[in-house]
Amino acid sequence: MKTSEEIEEERRKALEVDSELVPADRRSNLMRALKGAPRFFLSWFSRRLHSGASRLRRGAGRLRGFFRAPWSNSRKLASRTREKLWRGAKKLRRELDALTTIQLIAVVGVFTAFLVMPLLSVVVFSFTDSTGALSLMHFISLFRDSNIWPWIYNTVTGNIDVFLNLTPSFYSERLNLLVIWGWDCGAIINSLYVAIIVTTASVLIGVFFAFIIAKYEFFGKKIVRTVLIFPILAIPFVGAIGIKSFLGPDGFINKLFYQTLHILPSAIWLRGLAAMIFVQSLSLFSLVYLNAYSSFMSIDPSLEEQAENLGARGFGLFRSVTLPLALPGIQAGAILTFILSIEDLGSPIVFQDHQSARNTLAYQVYSNVAGQSGRIDPKGPAIGILLLVFALIGFIAIRKYTALRSYEAGTKGGQWNPRTRRLSRRATLLLYAILIPVLFLALIPHISVIMISFAGAWSPESLFPDQWTLSNYDVLWAFPDVANSINNTLIYGVIATVMIVLLGASAAFIIARKDIPGKTALDLLVTSPIALPGIVIATGFFTLFYDTPIFMFGHPAFLIVMSYTVRKFPFTVRAAYAGLMSTPVVLEEASQNMGASRNKTFYKITLPLIGVSVLAGSLLSFVYSVSEVSTSLILGGIGTSEAPVTFWMSAVLNMIGQYGGPSSAACLGVLLMAMQMIVITVTNRILGARSAAITGI
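Residues numbered from 1 in each chain as written. Predicted model: local features only at pLDDT ≥ 70, side-chain atom pairs only at ≥ 80, totals over all residues. Heavy atoms only, no water.

1. Side note on the overall build of the protein
(1) Moving on: For the protein, the helix and strand inventory stands at 31 helices and 7 strands.
(2) Moving on: Each of the 697 residues in the protein was classed as buried or not, and the buried ones make up 50%.
(3) Moving on: Considering only residue pairs separated by 6 or more positions, the protein has 75% of its internal contacts joining residues 24 or more positions apart.
(4) Moving on: In the form shown here, the protein has an accessible surface area of approximately 33,800 Å², with 65% of it arising from carbon and sulfur atoms. (Helix = DSSP H or I, 4+ residues; strand = E, 2+ residues; numbered from the N terminus. Buried < 20%, exposed > 50% of the residue type's maximum accessible area, 1.4 Å probe, protein only. Contact = heavy atoms within 4.5 Å. Areas by Shrake-Rupley, 256 points an atom, 1.4 Å probe, with all protein chains shown as cover.)

Below, the structure is given as structure tokens:
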């Protein structure tokens, strides 16, 4: 017989076991996480510290061993180095034929001359003084400029002077007008927090749309899917022109929602950084949408089915299975959005009438390079280095979560047939109640630019223009250089696209099919331009090539073409690599077994098989080339007769007179958008579900 104490002890143990089987509620999970957070971070820090100390000990041990017998260790090191070089040379001889050698030399030569060397030139220019000696004075001077850094040490008083404008808005009771511009904390902090807010908004909007389009069937889905790509057409520079007019005190939005519908309690005027956040969020969320949609489409449906069999439903299924599987694509889109936001130059130029918009890194580089007529203030390249550092940090994060080889796992066997559900009529109506307002806001740049381009007289109290006119398009032939800029843009885009196709297909083939030493470095080299600020590359062209035969004053055409070629290269490489990874290599081996040479196999077998992918990538490269802003503005200012259309959009916008202002600039934007819309629609039809190739990551 058990005693009462033994029975009570067994009951207590049974209750403890039962309590472990009961799922904890959210509050207990949260409390446990908060209590365990200090221990978790302490453990993580101690592991990292121990790992670093171990590496230092191993390095110190190897260094001591080397100095104990330096002569013999040097000979061993030299012997190992020679052996590695010999193995690498043998592998190169085995892998490289005449065609591949020419392809490799061409790709590496172009990127070395027009990407690596200009960037190194910017670095050297930033770290040297007027005598050529190594100096940090240019960077130190940045932190003495209140437009760059808000906390300035006062050498006279010995105190820190603070230049922060933390008043984000102003309300006028007399006009019943709320003016919002955001916090002004200097160019460094401004650029960072704008990029963070834009990225957060883009992720929320993009992931929502991607999940709905990938997982549900509803009436009008194909139309919505097509419309969701249009925001990527409105580069921030074009969209900002329309939004600036639409969001003004007497703009369309205030007339519609405040004066007519009386939805808003007061008129709202977005200026400076607030307007930049609004423009960039509406323009860049499509990048997250495209990457997230591709990730959702690549998920194996059986994984979600297994989770459902184990009891996962609704949001729990999305949070625990679907979202983690799609997270690499979402993160890639988010980081790319961060990079493009922080390097955006068009929006600060359009909203430069407010000081906060001028206090951004991209605008500070532009104002210290473009305004010097070839004479570069070292402050510009120094700021460009800061911008480059932020972009490279983001690019390293992209390489961590998704790489060029990410296609290999998804394309063997093709895209999965996703599980979709048919929405009921009530759910469809609810969905459109959300979709229509968001899509309306997303399409404001397009709608506003088109409307402004045809607007004539427009009274302040009128919702729509009092009259419509085609006279705004007179700017196309009123100035010969403006009309010529359209031809220049098309010519530059076509030449750059041809070079991109030749070099991009070659680079993708080498990376996908050849096992050569340094292939990873080549992979990094040809994909890095997507994350490098164009304004820094253009600055490098000034510091390296200015006043040389290839960059004489008044003749920037050659370097404009090369900047397009280098900067838009990843789009074609990405698409061509995707085609190669989905093409069985046995077809090429069979061709060579039948007696065809490697060169003939490449031209007769490989290129036709990846032709669709290369075509899609080349179309995207062309679209992004003709809409390039940063390098076009900086290089085009040296020779306006050879400047592309994006340069003249900025120039016409700031002109005063009959052919200047937003209406004339919007006409150029409409032409650019129409061309982009046609090409992007065709490209989307070609790529199908492989929409991530559009982003070029």
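2. Looking at the sheet that holds strand β3 (residues 169–172)
(1) Moving on: In spatial order, the strands read β3-β4-β6; together these 3 strands make up an open sheet with mixed pairing. The sheet is open, and its two edges are formed by β3 and β6 (267–270), each paired on a single side. On average, adjacent strands in this sheet sit at an angle of 15° to one another, irrespective of strand direction.
(2) Moving on: Relative to β6, strand β4 (residues 177–180) runs parallel, the two sharing 4 bridges. Counterpart to L178 in the pairing with β6 is I268. (Pairing = 2+ DSSP bridges. Axes fitted to C-alpha atoms, helices over the stretch in contact; angles between N-to-C directions.)

3. Focus on the nonpolar core
(1) Moving on: Of all hydrophobic cores here, the largest spans 169 residues; its most connected members are F296 and V526.
(2) Moving on: By residue number, the principal contributor to this core is helix α10 (residues 272–297), which donates 17 residues.
(3) Moving on: In contact with V526, other than residues within four places in its own chain, are V107, F111, A507, I511, F569, P570 and V573. (Core = buried A, V, L, I, M, F, W, Y, C linked by side-chain atoms within 4.5 Å.)

4. Some words on the packing of helix α15 (residues 361–369) against helix α23 (residues 534–545)
(1) Moving on: Where α15 contacts α23, the axes come no closer than 10 Å and their chain directions differ by 20°. When the interaxial angle is binned, α15 and α23 end up roughly parallel. α15 and α23 meet at a crossing whose hand is left-handed. Side by side, α15 and α23 meet where A362, V365, Y366 and V369 of the first sit next to I535, T539 and F542 of the second.
(2) Moving on: The residue inventory of the contact of α15 with α23, partitioned by class, reads 6 nonpolar, 1 polar and no charged. (Parallel < 35°, antiparallel > 145°, perpendicular 65-115°, else oblique. Left-handed = near helix turned anticlockwise from the far one by under 90°. Nonpolar A, V, L, I, M, F, W, Y, C, P; charged D, E, K, R; others polar.)

5. Focus on the packing of helix α6 (residues 187–215) against helix α18 (residues 425–442)
(1) Moving on: The geometry of α6 relative to α18 is characterised by a closest axis approach of 13 Å and an angle of 135° between their N-to-C directions. It follows that α6 is oblique to α18 by the angle criterion. Judged by the sense of rotation from one axis to the other, the crossing of α6 with α18 is left-handed. Contacts between α6 and α18 involve I205, F208, F209 and I212 from the first element and L431, I434, L435, V438 and L439 from the second.
(2) Moving on: Counted by class, the contact of α6 with α18 contains 9 nonpolar, no polar and no charged residues.

6. Looking at empty space enclosed by the protein
(1) Moving on: Evaluation of the coordinates by the stated rule reveals 3 cavities of 30 Å³ or more.
(2) Moving on: Its boundaries defined by the atoms lining it, the second largest cavity holds a volume of some 60 Å³.
(3) Moving on: Around the second largest cavity, the lining residues are N190, S191, V194, M276, Q280, S341, I342, D344, P348, T360, L361 and A362.
(4) Moving on: Residue assignment for the lining of the second largest cavity shows that the elements contributing at least two residues are α6, α10, α12 (314–343) and α15.
(5) Moving on: Sorting elements by how many residues they give to the lining of the second largest cavity places α6 first, with 3 residues.
(6) Moving on: For the lining of the second largest cavity, a count of residues per class yields 6 nonpolar, 5 polar and 1 charged. (1 Å grid on protein atoms, 1.4 Å probe; cavity = no way out; pocket = protein on both sides within 12 Å on 5 of 7 lines; lining within 4 Å. Points joined across faces, edges and corners; volume = space filled by probe spheres on them.)

7. Observations concerning the confidence of the model for the protein
Caution is warranted with low-pLDDT regions, since their predicted coordinates should not be read in detail.
(1) Moving on: Chain-level pLDDT for the protein is 77 on average; 80% of the residues reach the 70-or-more range.
(2) Moving on: Here residues 15–26 is modelled with pLDDT under 50, and outside its nearest four sequence neighbours on either side it reaches 2 contacts, counting other chains as well.
(3) Moving on: Note that residues 402–414 has pLDDT below 50 and, in this model, 25 contacts with residues that lie over four places away or in other chains. (pLDDT = per-residue confidence, 0-100.)

8. Things to note about unusual backbone geometry
(1) Moving on: For N176, which is not glycine, the phi torsion reads 50° and is therefore positive.
(2) Moving on: As for its placement among the helices and strands, N176 is situated in the loop between β3 and β4.
(3) Moving on: For H262, which is not glycine, the phi dihedral falls at a positive 55°.
(4) Moving on: Within the secondary structure, H262 sits in the loop between α9 (252–260) and β6.

9. Section: the pattern of salt bridges
(1) Moving on: Tallied over the full model, the rule gives 5 salt bridges.
(2) Moving on: A salt bridge links E217 to K221, with the nearest nitrogen and oxygen atoms 3.2 Å apart.
(3) Moving on: The exposure class of E217 is partly exposed, given its relative accessible area of 27%.
(4) Moving on: We classify K221 as buried; its relative accessible area is 14%.
(5) Moving on: Where R271 meets D353, a salt bridge forms, and the shortest distance between an N and an O atom there is 3.8 Å. Taken as a pair, R271 in the loop between β6 and α10 and D353 in the loop between α13 (346–350) and α14 (355–358) lie far apart in primary sequence, 82 residues in all.
(6) Moving on: Residue D353 is classed as partly exposed on the basis of its relative accessible area of 42%. (Salt bridge = Lys/Arg side-chain N within 4 Å of Asp/Glu carboxyl O.)

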